[in-house]
Amino acid sequence: MSASSLIPTKEPRFQVPDVRGRFGQFGGMYVPETLMTPLLELSKAYAEARRDPAFQNDFTNMLRDFAGRPTGLYFAESLTKHFGGARIYLKREDMLHTGAHKINNAVGQALLAVRMGKKRIIAETGAGQHGVATAAVCAKFGLKCVIYMGAEDMERQALNVYRMRLMGAEVRGVEAGQRTLKEAVNEAMRDWVTNVRDTHYILGTAYGAHPYPMMVRDFHRIISMESKQQMLRAENKLPDHVVACVGGGSNAIGSFFEYLDEPEVELIGVEAGGRGIVEGQHAARFAGGRLGVLQGCLTHILQNSEGQIEGTHSVSAGLDYAAVGPEHAYYHERGRIKFAYATDEECLDAFKLLSSKEGIIPALESSHALAYGCKLASDSPRTSTVLINLSGRGDKDVWSAARAMGVEIKL
Ligand SMILES: *Cc1c(COP(=O)(O)O)cnc(C)c1O
């Protein structure tokens, strides 16, 4: 893919964030003073790297040779026939090394860390996908790697813990609070402040303080750069709808970015509806959230009337977070990206359907986008197209999906 994928241009989609990291009123740098120094250092280093053709070249080569890009655009013929409506296409991020889109960002940030002379990497992980991608790039570049993971998540995702350790990472369990992702992020930030001289923090989604939301977006922009050309080749026109699931928002902003300035393309982000829109039972920030600050960023957050962060629930760990990336909050407010949600039940139905109709087992996160995309396709004319971003593969989820469907796997 072209040598310009990180370099900003004058088009409107590049006008955010501003120099202070603001997407309209959202985003920013809401951090203690001790974190301002590393964040400003990172902003400066990234601003230089993104304009350097050598950095761009290394990034492109690593995406091709290590991560496995470009990923395919797949016409889901059986699924299309099944619903009898719009033609359904899948962007196959599930085919990437380590199993999901997350490797795009891990590669980009590892290259940046090397460029900055950092020898040690830290990262947070929830389900373990970002931890695995980070451990992989650290092994490749010979960087010391420490992954923070909630103790609860370590028990639920024991296989990913072992994968990270196999690749040489140290996995540190976090016992605070709910023992999940939010606490792991806090620990990673604490580590960063203490060890900033030799350490880079590879944050895993388009979230947090500036420059992370912008930088992570840039590293995933390749998804829509590829899909745009692939759709034009396949259909001779742009897709009518692009659908992606939204946790922090990285796969979604990457798959939407090149279409933001194409008003005829409808963009839909799908959040986790869990057991329904009742406090504590979902993670649909646009269905129940309010403006607030969490972990460096002003955005839509699930919180109670006192501003306490609400508990969340989703069958998919990767969508189970109380806040959403600031760029999504911005385009939600402007009406450019529409948001919907899929429930656990709809997600599991889509998980089974894609497996049985196409021979592709999707990640439970991606199954949310599938659930909504299929509904949309069945309500749309046959002449139209729906492009669904298949953010990851479902191998990691087979165990928990089976349990959620009441099937017992005996070993
Ligand atoms: C982590 C993950 C997500 C959610 O993260 P985003 O930053 O919102 O993309 C979605 N799909 C898969 C497969 C993941 O691993």
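Procedures and definitions
- Residues numbered from 1 in each chain as written.
- Predicted model: local features only at pLDDT ≥ 70, side-chain atom pairs only at ≥ 80, totals over all residues.
- Heavy atoms only, no water.
- Phe/Tyr/Trp six-rings, centres within 6.5 Å; stacked < 30°, edge-to-face > 60°.
- Helix = DSSP H or I, 4+ residues; strand = E, 2+ residues; numbered from the N terminus.
- Buried < 20%, exposed > 50% of the residue type's maximum accessible area, 1.4 Å probe, protein only.
- Lys NZ or Arg CZ within 6 Å of the ring centre and 35° of its normal.
- Near = heavy atom within 4 Å.
- Polar contact = N/O pair within 3.5 Å; in protein donor to acceptor, adjacent residues only side chain to side chain.
- Areas by Shrake-Rupley, 256 points an atom, 1.4 Å probe, with all protein chains shown as cover.
- 1 Å grid on protein atoms, 1.4 Å probe; cavity = no way out; pocket = protein on both sides within 12 Å on 5 of 7 lines; lining within 4 Å.
- Sits in = over half its atoms within 2 Å of the grid points.
- Nonpolar A, V, L, I, M, F, W, Y, C, P; charged D, E, K, R; others polar.

**Here's the deal with the packing of aromatic side chains**
Here is step 1: Counted under the stated rule, the structure contains 10 aromatic pairs.
Here is step 2: Ring centres of F286 and F339 lie 4.2 Å apart, and the angle between their planes is 35 degrees; this geometry places the pair in the tilted category. Here the residue F286 occupies a position in helix α12 (residues 285-288), and F339 occupies one in strand β13 (residues 337-343), the gap between them amounting to 53 residues.
Here is step 3: Given a relative accessible area of 15%, F286 falls into the buried group.
Here is step 4: What makes F339 buried here is its relative accessible area of 15%.
Here is step 5: Every member of this aromatic cluster is reached through a ring pair, and the members are Y46, F59 and F219.
Here is step 6: The ring of F141 carries the charged tip of K140 above its face, separated from the ring centre by 5.7 Å.

**Looking at the site of the ligand**
Here is step 1: As a matter of local geometry, the ligand sits amid 17 residues, with K102, T205, G247, S250 and S391 nearest to it.
Here is step 2: Between K102 and the ligand, the recorded distance is 2.7 Å, taken from a side-chain N or O atom to an oxygen atom.
Here is step 3: Here an oxygen atom of the ligand sits 2.8 Å away from a polar atom, N or O, in the side chain of N251.
Here is step 4: Bound to the protein, the ligand loses 96% of the 380 Å² it would expose on its own.
Here is step 5: Given that more than half its atoms are within 2 Å of the pocket grid, the ligand belongs to the largest cavity.
Here is step 6: Looking at the shell around the ligand, its residues break down into 4 nonpolar, 11 polar and 2 charged.

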